[in-house]
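Overview (structure and organization)
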Amino acid sequence: MSHGEAETEAAGERLGTSLQAGDVLLLNGELGAGKTAFVRGLARGAGCVGDVLSPTFQLLRLYGGRVPLAHVDLYRLSRPSDVADLGLEEILEVGAAAIEWGDRLAWPGVASLEFEVLGHSVRRLTLTGAPEHWSW
Ligand SMILES: Nc1ncnc2c1ncn2[C@@H]1O[C@H](COP(=O)(O)OP(=O)(O)OP(=O)(O)O)[C@@H](O)[C@H]1O
Ligand SMILES: [Mg+2]
């Protein structure tokens, strides 16, 4: 349970410290649920520098760091085949990926984090399919 943006970022940062190349996290939840806030913490934990912005108008942003992080937002995905053109396979050889609106992809066996808005600043975060090495 998260009771504010800072708490969601902190959960992301904790997971980020354990992130390894090849890791993928799908983030699902309504608009304003806190997906980008979580990725901001995730990037910090992964040792990435630079501001994490909502990538809504850009399908993918890449942050360099201890573990490079691809930040993907599929909200405005028009053709599922566009995902194949992102070069994610290449990125995952050296880095990790966090994918907002990840339920728009059929990617079985990949970890996913569900955000439920329970109140103005209360969110329930449910992680499933996480690899053993993740701190949660
Ligand atoms: N517990 C919380 N965790 C995260 N954000 C919260 C929380 N409580 C309130 N908020 C607010 O909710 C908003 C979350 O915005 P954010 O951009 O992270 O959402 P999002 O899920 O990425 O939305 P979108 O689908 O539009 O990309 C912020 O304005 C933040 O301040
Ligand atoms: Mg977002």
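Just above, that's the structure.
These numbers were taken from a predicted model, which means no experiment stands behind them.

Remarks on the overall build of the protein chain
Each helix and strand in the protein chain was counted, giving 4 helices and 6 strands. For the protein chain, the N- to C-terminal ordering of α and β elements is α-β-α-β-β-α-α-β-β-β. Its C-alpha atoms give the protein chain a radius of gyration of 14 Å, near enough to 14 Å, the size a compact globule of 136 residues would have. The C-alpha extent of the protein chain, read off along each of the three principal axes, is 35 × 30 × 30 Å. Per-residue burial over the protein chain gives 36% buried out of 136 residues. In the protein chain, the share of contacts with a sequence separation of at least 24, taken over all contacts with a separation of at least 6, comes to 65%.

Overview of the site of ligand 1
Around ligand 1, 19 residues are found, and the nearest of them are Thr8, Gly34, Lys35, Thr36 and Ser121. Of the residues belonging to the shell around ligand 1, the class tally is 4 nonpolar, 10 polar and 5 charged.

A look at the environment of Leu86
Tracing the sequence through the fold places Leu86 in the loop between helix 3 (81–84) and helix 4 (88–94). When the 16 C-beta atoms within 10 Å are taken as the criterion, Leu86 is described as partly exposed. Sequence separation between Leu86 and Ser112 is 26 residues, and the spatial gap between their C-alpha atoms is 20 Å. Once you skip the residues sitting within four places of it in the chain, Leu86 turns out to touch Leu59, Leu60 and Val72.

Some details on the nonpolar core
Counting 29 residues, the largest nonpolar core has Leu42, Ala43, Ala46, Leu69 and Ala98 as the members making the most contacts within it. Elements represented by at least two residues in this core include exactly helix 1 (5–17), strand 1 (24–28), helix 2 (35–45), strand 3 (69–73), strand 4 (96–100) and strand 5 (111–117). Considering every element that reaches this core, the biggest residue donor is helix 2, with 5 residues. Among residues more than four places away in sequence, those in contact with Leu69 are Leu42, Ala43, Ala46, Cys48, Tyr63, Gly95, Ala96 and Ala98.

Remarks on the environment of Cys48
Following the sequence through the fold, Cys48 ends up in the loop between helix 2 and strand 2 (60–63). Each C-alpha atom of the pair Cys48 and Pro131 lies 21 Å from the other, and the pair is 83 residues apart in sequence. Ignoring anything within four residues of it in the chain, the contact list for Cys48 reads Ala43, Tyr63, Gly64, Gly65 and Leu69.

Comments concerning helix 1
Counting along an α-helix, one turn takes 3.6 residues, and residues three or four places apart therefore face a common direction. Across its 13 residues, helix 1 extends 19 Å between first and last C-alpha, which sits within 8% of the 18 Å expected from 1.5 Å per residue. Taken together, the buried positions of helix 1 are occupied by Thr8, Glu9, Ala11, Gly12, Leu15 and Gly16. The arc that holds every buried residue of helix 1, seen down its axis, measures 155 degrees, which confines them to one face. For helix 1, the secondary structure elements touched by its buried residues are helix 2 and strand 6 (123–128).

Some thoughts on the pairing of strand 4
For strand 4, the tally of buried residues reaches 5 of 5 residues, placing the bulk of the element in the interior. Residues Ala96, Ala98 and Glu100 point to one face of strand 4 and Ala97 and Ile99 to the other, with burial holding for every one of them. Where strand 1 and strand 4 come together, 4 bridges link them in parallel fashion. By the bridge assignment, Val24 is partnered in strand 4 with Ala97.

Definitions and limits used
- Residues numbered from 1 in each chain as written.
- Chains lettered and ligands numbered in written order.
- Predicted model: local features only at pLDDT ≥ 70, side-chain atom pairs only at ≥ 80, totals over all residues.
- Helix = DSSP H or I, 4+ residues; strand = E, 2+ residues; numbered from the N terminus.
- Rg over C-alpha atoms; globule rule 2.2 N^0.38 Å.
- Buried ≥ 20, exposed ≤ 12 C-beta atoms within 10 Å, placed from the backbone.
- Contact = placed C-beta atoms within 7 Å.
- Near = placed C-beta within 6 Å.
- Nonpolar A, V, L, I, M, F, W, Y, C, P; charged D, E, K, R; others polar.
- Core = buried A, V, L, I, M, F, W, Y, C linked by C-beta atoms within 7 Å.
- Expected span 1.5 Å × (residues − 1).
- Arc of directions from axis to C-beta.
- Pairing = 2+ DSSP bridges.

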